[in-house]
Amino acid sequence: MSPRRVLEVRPGDQDSQKWRMSLSEDAFDSFIARDGDAARKVFGEGSLFSPLLFGKFFDPADAFPLWDFDSDNLLSGLRSASKTSVDWHERDSEFVLRAELPGARNCDVEICGEKGKVIEISGKWRGRESDSRDWRTGRWWEHGYVRRLELPENANWRKIEAYIDIDNFIEIKIPKNISDSNIHQKKDAEPKESEHV
């Protein structure tokens, strides 16, 4: 297993407009043509950061409800064509997302949780000239990438863990809130001593 490092998950800066720029499906065409393979790898089909997320146009600045979809169904066509670099699933105690971060060694990756409703994964290329105050409100895809994901209602966003592997994969674990009713259900499901034979 490759070494991995922990990424800090910090509270968002509460600026929901920072990635706002009207996009159309052809907004990336000239950029991808100019930046070639690197841009295609980041924003191409099957990437978590593609504006054509799983075959349908979805602006990366909008919060995508990823966990509303079963990954086996949504990704089946992309998997059979070996075109996907993302996977997610739900366990009893957590949600798990694993996605390739193309060029992760050459960018600064940030993970933010916003008010318990959205998690934002973003990266800024190192060595690209930009005004750090406003690059996100311009043609931000020339400076980095973003994907905003809507968190499930039962997600405990304060305990999110994120890791990046040396092979450029990010893994995000989002624990579920364990409510008192869930604890009582588990206790009720356990057999009482008098029921053991």
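Heads up: the structure comes first, above all this text.
This text gives an overview of the structure that appears in the document. (Residues numbered from 1 in each chain as written. Predicted model: local features only at pLDDT ≥ 70, side-chain atom pairs only at ≥ 80, totals over all residues. Heavy atoms only, no water.)

**Section: the sheet that holds strand β10 (residues 144–150)**
Now for step 1: Spatial strand order, β2-β8-β9-β10-β5: five strands in an open sheet with mixed pairing. The open sheet is flanked by β2 (9–11) and β5 (63–64), the only strands paired with a single partner.
Now for step 2: Here eight bridges tie strand β8 (residues 107–114) to strand β9 (residues 118–125), and the two strands are oriented antiparallel to one another. Following the sheet pairing, Ile111 is matched in β9 by Ile121. (Pairing = 2+ DSSP bridges. Helix = DSSP H or I, 4+ residues; strand = E, 2+ residues; numbered from the N terminus.)

**Here we look at the pattern of salt bridges**
Now for step 1: For the coordinates displayed, the defined rule picks out seven salt bridges.
Now for step 2: Here Arg98 makes a salt bridge to Asp165, at a shortest N to O gap of 2.9 Å. Linking Arg98 in strand β7 (residues 94–100) with Asp165 in strand β11 (residues 161–165), this pair joins segments that are 67 residues apart in sequence.
Now for step 3: Owing to a relative accessible area of 28%, Arg98 belongs among the partly exposed residues under this scheme.
Now for step 4: The buried category is assigned to Asp165, whose relative accessible area is 8%.
Now for step 5: For the salt bridge of Glu120 with Arg148, the shortest nitrogen-to-oxygen distance reads 3.0 Å. Within this pair, whereas Glu120 is found in strand β9, its partner Arg148 is found in strand β10, the two being separated by 28 residues in sequence. With respect to burial, Glu120 and Arg148 carry one shared label: buried. (Salt bridge = Lys/Arg side-chain N within 4 Å of Asp/Glu carboxyl O. Buried < 20%, exposed > 50% of the residue type's maximum accessible area, 1.4 Å probe, protein only.)

**What to know about the environment of Pro11**
Now for step 1: Within the secondary structure, Pro11 is located in strand β2.
Now for step 2: Considered as a pair, Pro11 and Glu120 are 109 residues apart in the sequence and their alpha carbons are 10.0 Å apart.
Now for step 3: Residues within four places of Pro11 in sequence aside, it is in contact with Cys112 and Gly113. (Contact = heavy atoms within 4.5 Å.)

**A closer look at the sheet that holds β7**
Now for step 1: What the five strands build is an open sheet, ordered β1-β11-β12-β7-β6; its pairing is antiparallel. Where the open sheet ends on each side, the last strands, each with one partner, are β1 (4–7) and β6 (86–90). Adjacent strand axes in the sheet meet at a mean angle of 15 degrees, parallel and antiparallel pairs treated alike.
Now for step 2: For β6 and β7, the ladder comprises five bridges, and the chain directions are antiparallel. The partner of His89 across the bridge, within β7, is Val96. (Axes fitted to C-alpha atoms, helices over the stretch in contact; angles between N-to-C directions.)

Remember, this is a structural readout, not a statement about activity or role.
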